[in-house]
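# Coordinates in review
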Amino acid sequence: MKIAFIGLGNMGGGMAANLVKAGHEVHAFDLSGEALARATDNGCATYTSVRESVQGAEAVVSMLPNGKIVESVYGADVIGQAPASALLLDCSTIDVDTARKVEDAARAAGYKMVDAPVSGGIAAANGGTLTFMVGGSDAAFARAEPILAAMGKAVIHAGASGTGQAAKICNNMILGATMIATCEAFALAEKLGLDLQTFYDISSKASGQSWSMTAYCPVPGVGPQSPADNDYQGGFAAALMLKDLKLAMEAAHSVGAKTPMGARAEELYAAFAAAGNGGTDFSGIIKSL
Ligand code: NAD
């Protein structure tokens, strides 16, 4: 297929490369010259504007920083510019309301669109092992699935428009809260004289077990290899966790949901990021506990 790809950053660069590997003709655009040069090396054809890149496209994939940018890129340069038969797929993590608003505008102009945010970081984007959570109609999902499958290991239909974003922020709200709880428990265990490996051996087989503990242990030298073993570099930056928690809190506010643990997790990650740790892996919050 001829696929336009907008936003070739840390995540989008690898995703576009995987579409090329799957045999698609990828027409790429990014504001950054460096990102465009990397895309050329990866076999994409590059363009000097969004408008040019979407001409004649059968699908448009975007991986952009936030909702404001997604709304402006689609509003100004995708809707009405790409053929109305093109499927639109926004893989960025953005707020549910904006995702629904952009999809409404696309549908009004005759397009099918899905919100398809991802779980998995830069390594999964490069390796083609992302998990996609997809919001949109059955017909839109059916068309989106094979395109997304070329970039991921799982493509799950979450429901109607916006529910992909809803799944993403609810999942990451659990992740933020459980990571902090796991860090607290290890810090307390140590102060109480428990050997941390021993505590891991017990809790990882008991009811305190979670992904934060057994797949991403925040203690160096304990559990599988994780950013803790690399001085909390790489992995999932605290600033991105904070972004997702803010989106979760905005969404909770908009529907009147009570999320006290999510709210506290947001406060703690805001303080951690404000102390100069925005680029640190989110498990590094253990250092502040
Ligand atoms: P990034 O900042 O590395 O990449 C974003 C790219 O978009 C940049 O190259 C930038 O130049 C480009 N861009 C910005 N405005 C543009 C415009 N108007 N037109 C064209 N290009 C434009 O960010 P990233 O880490 O790749 O994240 C992208 C999205 O994926 C975000 O929504 C993020 O929340 C989400 N996400 C990131 C991760 C992660 O681990 N990095 C994991 C899951 C989800």
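The structure contained in this document is the topic of the report that follows. (Residues numbered from 1 in each chain as written. Predicted model: local features only at pLDDT ≥ 70, side-chain atom pairs only at ≥ 80, totals over all residues. Heavy atoms only, no water.)

## Things to note about the overall build of the chain
Inclusion rule: Only DSSP runs of H or I reaching four residues or more are called helices, and only runs of E reaching two or more are called strands; each is numbered from the N terminus. Here the radius of gyration uses the C-alpha set of atoms, whereas the globule reference equals 2.2 Å times the residue count to the power 0.38. Relative accessibility decides the category of a residue: with a 1.4 Å probe and only protein chains considered, values under 20% of the type maximum give buried, values over 50% give exposed, and everything between is partly exposed. The contact criterion used is simple: two residues touch if any of their non-hydrogen atoms lie within 4.5 Å. In these tables, accessible area is a Shrake-Rupley quantity obtained with a 1.4 Å probe, and a residue counts as shielded only by the protein chains included in the view. Counting rule applied: Lys, Arg positive; Asp, Glu negative; His and chain ends not counted. Just so you know, the charge point we use is NZ for Lys, CZ for Arg, CG for Asp and CD for Glu.
When you go through the chain residue by residue, the secondary structure sums to 12 helices and nine strands. In terms of C-alpha radius of gyration, the chain reaches 20 Å, essentially the compact-globule figure of 19 Å for 289 residues. By principal-axis analysis of the C-alpha atoms, the chain measures approximately 65 × 45 × 35 Å. Buried residues in the chain amount to 50% of all 289 residues. Of the contacts made within the chain by residues no fewer than 6 positions apart, 64% connect residues no fewer than 24 positions apart. Entry remark: accessible area of the chain is about 12,700 Å², with carbon and sulfur atoms responsible for 57%. Charge centroids of the chain, computed over 19 positive and 27 negative side chains, lie 3 Å from each other.

## Regarding the state of the cysteines
Covalently bonding the sulfur atom of one cysteine to the sulfur atom of another cysteine gives a disulfide. Put simply, the test is: Disulfides are defined in this document as cysteine sulfur pairs within 2.5 Å.
The final tally for this structure, using the stated rule, is zero disulfides. The thiol of Cys170 is unpaired, and the distance to the nearest cysteine sulfur, on Cys91, comes to 19 Å. For Cys183, which is in no disulfide, the shortest distance to another cysteine sulfur is to Cys217 and amounts to 8.5 Å.

## Here we look at the packing of aromatic side chains
Which entries qualify depends on this criterion: Aromatic pairing here means that ring centres of Phe, Tyr or Trp (its six-membered ring) are within 6.5 Å. Orientation follows from the plane angle: under 30 degrees is stacked, over 60 is edge-to-face, and everything else is tilted.
Under the counting rule described, the total for this entry stands at five aromatic pairs. Summarising the aromatic geometry, the rings of Tyr216 and Phe282 are spaced 5.3 Å apart at their centres and angled 45 degrees between planes, so their arrangement reads as tilted. With Tyr216 in the loop between helix H10 (211-214) and helix H11 (238-255) and Phe282 in the segment after helix H12 (260-277), the pair connects residues that are 66 residues apart, well separated along the chain. Here the two residues Tyr216 and Phe282 agree in accessibility, since each one is buried. Relative to Phe282, the ring of Tyr269 lies with its centre 6.4 Å away and its plane at 35 degrees, an arrangement referred to as tilted. Separated by 13 residues along the polypeptide, Tyr269 in helix H12 and Phe282 in the segment after H12 bring together distant segments of the chain. Residue classification places Phe282 among the buried positions, given a relative accessible area of 1%.

## With respect to the pattern of salt bridges
Any two side chains of opposite charge can pair, so long as their charged atoms come close to each other. Using the following cut-off: Each reported salt bridge corresponds to a side-chain nitrogen of Lys or Arg within 4 Å of a carboxyl oxygen of Asp or Glu.
Scanning the model with the defined rule gives eight salt bridges in all. Among the ionic pairs, Arg107 bridges to Asp104, the shortest N-O distance being 2.8 Å. On the criterion of helical spacing, the pair formed by Arg107 and Asp104 is a turn pair, its members being three residues apart in helix H5 (residues 96-108). Overall, the relative accessible area of 49% leaves Arg107 in the partly exposed class. The residue Asp244 makes a salt bridge to Lys168 at a minimum N-O spacing of 4.0 Å. Of this pair, Asp244 sits in helix H11 while Lys168 is found in helix H8 (residues 163-191), placing the two residues 76 residues apart along the sequence. Accessibility expressed as a relative area gives 4% for Asp244, which makes it buried. Exposure remark for Lys168: the relative accessible area of 7% places this residue in the buried category.

## Here we look at the site of the ligand
The test is simple: Being near a molecule or strand, for a residue, comes down to having at least one heavy atom within 4 Å of it. Distance and chemistry together define a polar contact, namely a pair of N or O atoms within 3.5 Å, with one atom able to donate a hydrogen and the other to accept it when in protein, and with adjacent residues in sequence counting only for side-chain atoms on both sides. Using a grid of 1 Å spacing that covers the protein atoms alone, one calls a set of points a cavity when a 1.4 Å probe fits there but cannot get out, and a pocket when the set is open and has protein on both sides within 12 Å along at least five of seven lines; lining residues are those with an atom within 4 Å of a point. More than half of a molecule's atoms lying within 2 Å of a cavity's or pocket's grid points is what places that molecule inside it. Residue type decides the class: Asp, Glu, Lys and Arg count as charged, Ala, Val, Leu, Ile, Met, Phe, Trp, Tyr, Cys and Pro as nonpolar, and the leftover types, Gly among them, as polar.
Within the structure, the ligand sits among 23 residues, and Asn10, Met11, Asp30, Leu64 and Lys243 are positioned closest to it. With respect to the ligand, the backbone of Met11 contributes an N or O atom lying 2.8 Å from an oxygen atom. A distance of 2.8 Å separates an oxygen atom of the ligand from a polar atom in the side chain of Lys243. Within the complex, 84% of the 830 Å² of free accessible area of the ligand lies under protein. Structurally, the ligand is housed in the largest pocket. Every element with two or more residues in the shell around the ligand is listed here: helix H4 (67-78) and H11. Its residues assigned to classes, the shell around the ligand shows 13 nonpolar, seven polar and three charged.

## Here's the deal with the side chain of Glu103
As for its position among the elements, Glu103 is in helix H5. Judged by its relative accessible area of 9%, Glu103 falls in the buried class. Not counting chain neighbours up to four residues away, the residues in contact with Glu103 comprise Met113 and Ser161.

## Digging into empty space enclosed by the protein
Rules: Grid points are joined across faces, edges and corners, and a volume is the space filled by probe spheres set on the points.
Going through the model one piece at a time under the given rule, you end up with one cavity of 30 Å³ or more. A volume near 40 Å³ is recorded for the largest cavity. Forming the walls of the largest cavity are Val70, Asp90, Ile94, Ala99, Val102, Glu103, Met113, Val114 and Asp115. Of all the secondary structure elements, the ones that give two or more residues to the lining of the largest cavity are H5 and strand E6 (112-115). Its residues assigned to classes, the lining of the largest cavity comprises six nonpolar, no polar and three charged.

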